[in-house]
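Below are the chains, spelled out letter by letter.
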Amino acid sequence: MSRRWGMVVDLDRCTGCEACVVACRAENNVPTVGETEAARGRAIHWIRIERYWEGEFPNARIRFVPVLCQHCEAAPCEPVCPTYASYHTADGLNAQVYNRCIGTRYCANACPYTVRFFNFFHPVWEKPLHLQLNPEVSVREVGVMEKCTFCVQRIKAAELQAKAEARELRDGDVQPACAQACPADALLFGDLNDPDSRVAQLARSPRGSKLLEEVGTQPKITYLARLSWSGDGEDR
Amino acid sequence: MDRRDFIKLSALTAGAAGLAGCGHPDHQLIRFLPEESWIPGVATWRPSLCPLCAAGCGVMARVMEGDAEVVRNGRTGLLRMGLVKKLEGNPAHPVNRGKLCARGQAAVQIVYHPDRIRQPLKRRGERGTGEFEPVDWDEALSTLAARLKQVLDDDPAGLAWLSRPLRGGKRVLVERFLATLAAPAPVYFELFDESVLRWANRLSFGREQMPTYTLSVANYVLGLSADFLGTWNSPVAQAIGYGEFRQGRPGRRGKFVQVEPRVSQTGANADEWIPIRPGTEGALALGLAHVLLNEARRPTTAAGTAGERIEGWLQGLPEWTPEAVAEQTGIEAERIRRLARELIAHEPAVVIAGGAALAQTNGLATALAVNALNALLGCVGALGPVRFTPQPESTGLAPPHRTLRALVQKILSRPESPVKLLLLYEANPVFATPPAWQVAAALDRVPFVVSFGSFLDDTSILADLVLPDHVFLESWMDDVPESGTEPAVVSLAAPAMRPLHNTRAMPDVLLDLSRRVGGRLNEALPWKSYEELLRARFDALARRAGADADAFWKQALERGGWWSDNGGTRAAAPRHAAATTRQIRYQPAEMDGSVEEFPFHFLPYASQAFYDGTTAHLPWLQELPDVLTTAMWGSWVELNPQTAERLGIRQGDLVDVTSRHGTLQAPVILSTGIAPDVVAMPVGQGHRAFTRYASRRGANPISVLAPLEEPETGALAWAATRVQIRRAGVGRLVLFSGGLSRFPHPEER
Ligand code: SF4
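These numbers come from a predicted model, not from an experiment. (Residues numbered from 1 in each chain as written. Chains lettered and ligands numbered in written order. Predicted model: local features only at pLDDT ≥ 70, side-chain atom pairs only at ≥ 80, totals over all residues. Heavy atoms only, no water.)

Q: How would you sum up the overall build of chain A? Please name residues and give values.
A: Looking only at helices and strands, chain A has six helices and 10 strands in total. Scaling as 2.2 N^0.38, a compact globule of 236 residues should have a C-alpha radius of gyration of about 18 Å, and chain A matches this with 19 Å. Projected onto the principal axes, the alpha-carbon positions of chain A cover approximately 55 × 50 × 35 Å. Contacts in chain A between residues at least 24 apart in sequence constitute 63% of all its contacts with a sequence separation of at least 6. Summed over all atoms, the accessible surface of chain A reaches about 8,900 Å², with 52% contributed by carbon and sulfur. Computed over 28 positive and 30 negative side-chain charges, the separation of the two mean positions in chain A equals 4 Å. (Helix = DSSP H or I, 4+ residues; strand = E, 2+ residues; numbered from the N terminus. Rg over C-alpha atoms; globule rule 2.2 N^0.38 Å. Contact = heavy atoms within 4.5 Å. Areas by Shrake-Rupley, 256 points an atom, 1.4 Å probe, with all protein chains shown as cover. Lys, Arg positive; Asp, Glu negative; His and termini not counted. Charge placed at Lys NZ, Arg CZ, Asp CG, Glu CD.)

Q: Explain the state of the cysteines to me, and be specific about the residues and the numbers.
A: Residues and elements named next belong to chain A. All told, the structure shown has zero disulfides over all chains when counted by the stated rule. Lacking any disulfide linkage, Cys17 is separated from the closest cysteine sulfur, that of Cys182, by 6.2 Å. Note on Cys17: relative accessible area 17%, which makes it buried. Here Cys107 is not disulfide-linked; the sulfur of Cys101 is the nearest cysteine sulfur, at 6.4 Å. The class for Cys107 is buried, based on a relative accessible area of 6%. (Disulfide = S-S within 2.5 Å. Buried < 20%, exposed > 50% of the residue type's maximum accessible area, 1.4 Å probe, protein only.)

Q: Which residues make up the site of the ligand, and what are the values?
A: Around the ligand, a shell composed of Cys50, Leu52, Cys53, Ala55, Gly56, Cys57, Leu100, Cys101, Arg103, Gly104, Pro235 and Val236 of chain B is seen. Considering only residue class, the shell around the ligand consists of nine nonpolar, two polar and one charged. (Near = heavy atom within 4 Å. Nonpolar A, V, L, I, M, F, W, Y, C, P; charged D, E, K, R; others polar.)

Q: Before we move on, can you summarise the environment of Thr149 of chain A with the specific residues and values?
A: All names here are of chain A. Examined against the element boundaries, Thr149 turns out to sit in the loop between strand S7 (145-146) and helix H4 (152-164). Given a relative accessible area of 16%, Thr149 falls into the buried group. Separated by 56 residues in sequence, Thr149 and Leu93 have C-alpha atoms that sit 7.3 Å apart. With sequence-adjacent residues up to four places away left out, Thr149 is seen in contact with Asn28, Trp46, His71, Leu93 and Tyr98.

Q: With reference to specific residues and values, describe the pairing of strand S2 (residues 48-54) of chain A.
A: Residue and element names in this part refer to chain A. Most of S2 sits inside the fold, with five of its seven residues counted as buried. Taken together, the seven bridges between S2 and strand S3 (residues 61-67) define a ladder with antiparallel strand orientation. For Tyr52, the partnering residue across the bridge sits in S3 and is Arg63. The turn linking S2 back onto S3 is made up of six residues, and Gly55 within it adopts a positive phi angle of 80 degrees. (Pairing = 2+ DSSP bridges.)

This is the structure:
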């Protein structure tokens, strides 16, 4: 059976520490754009932590939500791409073929999660910062859209490794950089088609739901609700 | 292969081809013969250690071959060498078990930073202008050796060492170096060093060290200003435990209440966030203890020594009724009673106080009150959640802040500085101390300052000679984490890659210097290299563990250290004699500046990206959106919207923040998570000099702090300054714009 890669984000574990955000940048050659361009809204983060403030002082309440590409089954970014740069792989990834992309940015407009980022200029790594670049991940050029790949290079490497060892891929063999870094284990990755994988089990949790489920994108990331406690001693 | 596969493959390999580049000026460079052999495209993993905070997390560095531009024998060329590409947590390391924080993830940028100092430098221009010229190592070292001999001939008291607090082999080396020369003991400084809590733990429990909080066994956590999921103590270890505490134990979800004047990243995760008047956290602890002793009838003796330290404890703290405490803290009496009841109902419960709660003139009394409360709750000891990691060697340090102030006073006490030669290593006190401490003026009086720094920062820019250290991934590393782990740990790592530049490891430079100076130093420091020193330390550990020295060393190198994980070889846990038996009386915190003139309490806090400022030079962290505000690349001050409205200030406005000691300017971010009479600001920006990414960027909150201190330890009371604010114009905020317009998730349950 083919694989269907997916993720579970446990909002009750997420502490907002942002280790995932830096880990992703380090793994995937995501460029920094500098103060001036960042001020123009051009900073690129494949994964970000959103925060939602509710209530007034002294009853302020904040909730963190890590948001990355949801690798939707019915991805709105795919049909709008005139060059098929945004397409669906057999194992359920929403992939971006950089050398097909001509930068129409239709996909970014179609994405309800605003997780697609455009390279407005040539990315710069001031020497010798470029020596850190991961040779297994393409550097995106000016005029190209980019976004989270679920660390496809790690998936490929793990598959190759399993093949070399003549065995099946095991649950936990693939960890995207964000999940690997996460201290509280709020991010979990795996094969949703394997009913016994940890990610498939957690995705069935009664705490689970999808981001903007109602728009019909069928995301492959399940968010487990943060629980709250009223103060009288019981979980709600 | 069909067309799809082909395109997929090209997408994956396009980057590699792009990197090699054609017509690149690299092609004109000569190629040096590789010093090691590598299989292209195959990664190896090597252990190292994160140098960025006292947690001491273990790292695994992913190393792959690449072409680096290096200088060899004065010629620039390309060298094929192993390059660290990515850092992960070391899964075997007991502190961080495979995980890292955001700063740890970014640490790899230190190696490849474009503004790293690439060879020894000597000062050319006026002091502080940053004008230096390259010198070779031999010249630099003979200059230093000559200076050192001269100082030793005149008076060894003229030598001073100033660094962050050291542990492990470096501490042994430096302290022995100085002691052998009859020079004064080293001066250690770190702004957020929590020496108040260490000292309190010595008085309460006989352990002068930071506690290990095993949250995975707790059912209830009450935090008092401790940012334990962000920057405080051992944040990765604590966040791992927190995940377990919330969702790792089916049917048992821990409760978490955070009490602090401004919601922190940690507080944002609490089930209940309670603002408190700054500096009254100790009163709250005493109020909770009062309820436990009187209403829940816990025996006063249950808290042992920790209770005896507190005046009035044995009488049941009669003055500390919830009503009296409510008056001081601003938290209603009924709420205090409820919190106390919850602590008992959800045992094991633990109270964690740190950061701003202890950075007050009454910080020690607060820490002691919390210690007594924890002891009363029975949560201190082998069953936790508060434990003390066995330490293989002494952890106590002379109170760091006080020793730095003593050094400054010594220098300024006479027209001609009695300190003639100052060695500076991994500390930036010009940036991280209040202006009234006069650190910059003092350093300016010292005739010869030597820095081992990898970067020019606010302090090292004053140096006369810069002898750049290797960075952590290029060095032999060791560490002895004092908390965040249950087994004793002595971390160890060989260099993960060869040095990129013409740098030398600080410990090896000290050993070289010792040989040049000769005499007693030769006997006291017999090691040829730091590696040899570490080997000797591990041989001693092996002997204690009854293990074969070679196998022990090899295993430690492979794992990233030694830890007593099977409980078999328990390291001795030094107990410190109680320094005093006297009782401490809780006093209200003293604040600098009158309420009338300076109506706002000023709350600096360790920033998520920069901690105390040491990582502000890393572009990944400059462009990291702060999790609560999304701000990047600058400073800001946080203000309650009601206060702002009253003062006619809007989000993004520039304000003057003025204390009795100075003024700074920064743009405003409005926050409903801060008390109306508090102004908060992250520490980390506002460096006068710190590479192209951080120099003259933003403002430094430490520059307006009053020099108040906790009297017994001399620790800076960095949360005890009052300020006034005034609109000064329109500011510039860089916020990350990505985001969904509303909470994208069905009602939380
Ligand atoms: S907590 Fe972060 S900065 Fe501190 S040692 Fe661990 S990874 Fe490094």
